[in-house]
Amino acid sequence: MTVYAPAVGGVGVLGTGSYLPERIVTNDTVGELAGVSAEWIERKTGIVERRYAADHEAASDLAAEAAALALADAGVRAEDLAWIVVATSTPDHPQPATAAFVQHRLGAYGAAAFDVNAVCAGFVAALHTAARLLAGDGGGGRRCALVVGTEVYSRIIDPADRRTAPLFGDGAGAVVIGPVGEDRGLIGTAMRTDGHLHGLIGVHAGGSRRPASEKTVARGDHWFRMQGRDVREFVERELPQAVAGTLERFSVAPGEVDHFVPHQANGEMLRSVPERLGLTSARMHLPVDRHGNTGAASVPLALDHARRGAGPEGGELHDGELVLLAGFGGGMTLATSLLRWGR
C-alpha cells in the first residue's frame, strides 16, 4: 500500500550541490573486466562513463563536498543547520551514522544528524523526513536542514558482474531546505515498499544475519547483486502507477509538471518513461550518461545538474515551476515527491 504525506507548509529547497570524484572510468575499462564491449554498455544503459572514489574517499567525504556547495548556494552557514539527514546504502562504517562524519567535516555541531537507508529511493524519503522535522519549530529556532544522498558503489561492485558493474558509479548530491513562500516548496510525498521482493537487490553478507567470514567472502556474498530483468519489470510496472497516484492525490494534472527528475537507474530504460507517464510537457533530467547509477545520490545529482545548468543562461529550473522527483530501488521501494520550485 502506498503511504501519502501531504505538504508540510512553506518548506522548500534553498540551495543545491553535487560532487563527483575525479577518477573517470570509461566503458572500455569496465567492459574489459565484465566481458562486454563499450558499445554494448552504452546501447543497453545509455552510460558512457562513471566516476570512482579515490582510495582515501568514503561516502562521508563525497557528501561533505556536495553539502558545502549546497550551503554556499543557499547562503546558509553550517552552524545554522538544525538537521543533517544522509541517505546512503554504502555508509563509511556499519556504525556510527555517516551523517555524524558529515556533521564533523562541516563543523555543523548544532545539528542533529542521522542516516536513512531506502537504497535508491533514500534521498526522496530523507527529503520529506527532514521537511517534516522542520515543520513548525522542529529545529529549535534553526530553520534549515541539510539532506544528502551519497554512495560509493565501486567498493561493493563485482567487476566481473556484467549485470551491475557497467551501471554503477560514485557520487553525492545535496540540498539545503528551509522556509520558502507558502505557495512554494514541498507539496507532498508518496512512498511504498514491497518487502516480499527484497531479494531482487542487495548485499547479502556483512550484516547480523550473515556476518563477515572467510566463507562469505570466498563466495562473493559481500558484492552487490541485482536481478536486473526482474528489477526492470518492477519499475516498468510500478513506476507509472506510483506517479499517477501521486499526481492524483495532490491534485496535479500530468501536463502541469514542468520537470521530471528520476533516479538515474538506466538511461535506456528511462527514455520512454515520460510518455508512458503522461508527462509529455515535462523536461526529464537524465545526466546518467556521465556518472552512471549513483544510488541514493542520483536524484540530488540530477537536481543539481538541472538547477545549475551548463550554459551561460544558467539553470533550467525557474521560479514557480513544478518538479516531480522519483526514486526507486532495493526493498523494493518507490518514493515520489512534488515540489513547487522557488523561495
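Now for a description of the structure that goes with this document.

What counts, and where the lines are drawn
- Residues numbered from 1 in each chain as written.
- Predicted model: local features only at pLDDT ≥ 70, side-chain atom pairs only at ≥ 80, totals over all residues.
- Heavy atoms only, no water.
- Pairing = 2+ DSSP bridges.
- Helix = DSSP H or I, 4+ residues; strand = E, 2+ residues; numbered from the N terminus.
- Phe/Tyr/Trp six-rings, centres within 6.5 Å; stacked < 30°, edge-to-face > 60°.
- Buried < 20%, exposed > 50% of the residue type's maximum accessible area, 1.4 Å probe, protein only.
- Lys NZ or Arg CZ within 6 Å of the ring centre and 35° of its normal.
- Axes fitted to C-alpha atoms, helices over the stretch in contact; angles between N-to-C directions.
- Contact = heavy atoms within 4.5 Å.
- Core = buried A, V, L, I, M, F, W, Y, C linked by side-chain atoms within 4.5 Å.
- Arc of directions from axis to C-beta.
- Polar contact = N/O pair within 3.5 Å; in protein donor to acceptor, adjacent residues only side chain to side chain.

Ordered by their spatial adjacency, six strands build an open sheet running β1-β9-β15-β14-β12-β13, and the pairing between neighbours is mixed. In this open sheet, the two edge strands, each paired with only one partner strand, are β1 (3-6) and β13 (283-284). For strand β14 (residues 322-329) and strand β15 (residues 333-340), the ladder comprises eight bridges, and the chain directions are antiparallel. The residue bridging G327 from the neighbouring strand is A335, located in β15.

What follows deals with the packing of aromatic side chains. Inspection of every chain in the model, using the stated rule, returns four aromatic pairs. Ring geometry for Y153 and F224: centres 5.4 Å apart, planes at 85 degrees, overall edge-to-face. Here Y153, found in the loop between β7 (144-152) and β8 (170-179), pairs with F224, found in strand β11 (residues 224-226); they are 71 residues apart in sequence, far enough to count as distant. We classify F224 as buried; its relative accessible area is 4%. Among the aromatic side chains, those forming a connected cluster through ring pairs are Y153, F168 and F224. The cationic tip of R162 hangs over the ring face of W40; the distance from NZ or CZ to the ring centre is 4.8 Å.

So, on to the sheet that holds β8. If you walk across this open sheet you meet the five strands as β2-β8-β7-β5-β6, and the pairing is mixed. Edge strands, defined here as strands with exactly one partner in the open sheet, are β2 (11-19) and β6 (112-116). Pairs of neighbouring strands in the sheet enclose a mean axial angle of 20 degrees, with direction left out of account. Across six bridges, strand β5 (residues 81-87) lies against β7 in parallel orientation. Bridging across to β7, V85 finds its partner in V147. Its contacts with the sheet put helix α3 (residues 59-74) on β2, β5, β7 and β8, and the angle it makes with β2 is roughly 130 degrees. Packing of helix α11 (residues 298-308) onto the sheet brings it into contact with β2, β7 and β8, and relative to β2 it is tilted by some 100 degrees.

Counting 48 residues, the largest nonpolar core has F224, L239, V257, F260, L279 and F328 as its most contacted members. Secondary structure elements with two or more residues in this core: α1 (27-34), α2 (38-45), β11, α7 (228-249), α8 (267-270), α9 (273-277), β14 and β15. Broken down by element, this core gets its largest block of residues, seven residues, from α7. Core analysis: the second largest hydrophobic core is formed by 34 residues, V13, A87, F123 and A335 among them.

Turning our eyes to something else, we now look at α1. Buried within α1 we find N27, V30, G31 and A34. Taken down its axis, α1 places every buried residue within 95 degrees of arc, on the same side. The exposed residues of α1 that point more than 90 degrees off its buried face are D28, E32 and L33. Those residues of α1 that are buried lie in contact with β3 (23-26), α2 and β4 (49-52). Backbone geometry just downstream of α1 places G35 in the positive-phi region, at approximately 80 degrees.

Right, let's get into the side chain of E151. Relative to the elements of secondary structure, E151 occurs in strand β7. Looking at E151, its side chain comes within polar contact range of the side chain of S89, at 3.0 Å. Here the side chain of E151 touches A296 through a polar contact of 3.1 Å, landing on its backbone nitrogen.

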